[in-house]
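The primary structure of each chain is shown beneath.
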Amino acid sequence: MILFAILGAFICAKTRSPSGAVVFSLIALVLFIGTPVGQAVPGAVGKVMSTVDQATTPVLNGGEQ
C-alpha cells in the first residue's frame, strides 16, 4: 500500500496536480509510521526539534537561558 501511495504521488506530480501529490504523500507517511520500522519517526523528529530549540533559544533571547 505504501508503494501504491508513493506511485500515486509520483503520478500526480507528473500531471502537475500538487494537491493530489500532497495527499498521496501524507497517506504514504501515515502508512509508513504505522509499520514497526516507522514507529521511531515521530520520536526522532521530536528529538531534532528539541535540539534545534535548545540551540536557538539563547540566541533569540539575547544570550539569556
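Refer to the structure above for everything that follows.
What comes next concerns the included structure. Owing to the predicted nature of the structure, the values given are computational and were not obtained by experimental measurement. (Residues numbered from 1 in each chain as written. Predicted model: local features only at pLDDT ≥ 70, side-chain atom pairs only at ≥ 80, totals over all residues. Heavy atoms only, no water.)

Regarding the packing of helix α1 (residues 2-14) against helix α2 (residues 18-33)
- Running from N to C, α1 and α2 point in directions that differ by 165°, and their axes come no closer than 8 Å. By the angle class used here, α1 and α2 are roughly antiparallel. For α1 against α2, the interelement crossing comes out left-handed. The residues of α2 that touch α1, namely those facing I2, A5, I6, G8, A9, C12 and A13, are G20, A21, F24, S25, I27, A28, L31 and F32.
- Among the residues forming the contact of α1 with α2, the class breakdown is twelve nonpolar, three polar and no charged. (Axes fitted to C-alpha atoms, helices over the stretch in contact; angles between N-to-C directions. Helix = DSSP H or I, 4+ residues; strand = E, 2+ residues; numbered from the N terminus. Parallel < 35°, antiparallel > 145°, perpendicular 65-115°, else oblique. Left-handed = near helix turned anticlockwise from the far one by under 90°. Contact = heavy atoms within 4.5 Å. Nonpolar A, V, L, I, M, F, W, Y, C, P; charged D, E, K, R; others polar.)

Section: unusual backbone geometry
- The residue R16 is not glycine, and still its phi comes out positive at about 60°.
- Within the secondary structure, R16 sits in the loop between α1 and α2.
- A residue is classified by how much of its surface remains accessible, and R16, at 75% relative accessible area, is exposed. (Buried < 20%, exposed > 50% of the residue type's maximum accessible area, 1.4 Å probe, protein only.)

What to know about the environment of A40
- The residue A40 is located in the loop between α2 and α3 (41-60) in this model.
- Each C-alpha atom, one on A40 and one on T51, is 17 Å from the other, the two residues being eleven residues apart in sequence.

What about α2?
- Taking 1.5 Å per residue as the helical rise, α2 with its 16 residues ought to reach 22 Å, and the 22 Å between its terminal C-alpha atoms agrees with that figure.
- Residues G20, A21 and A28 constitute the buried set of α2. End-on view of α2: buried residues confined to an arc of 100°, all on one side of the axis. Those residues of α2 that are exposed and aimed more than 90 degrees away from the buried face are P18, S19, L26 and V30.
- On the buried face of α2, the contacting elements are α1. (Expected span 1.5 Å × (residues − 1). Arc of directions from axis to C-beta.)

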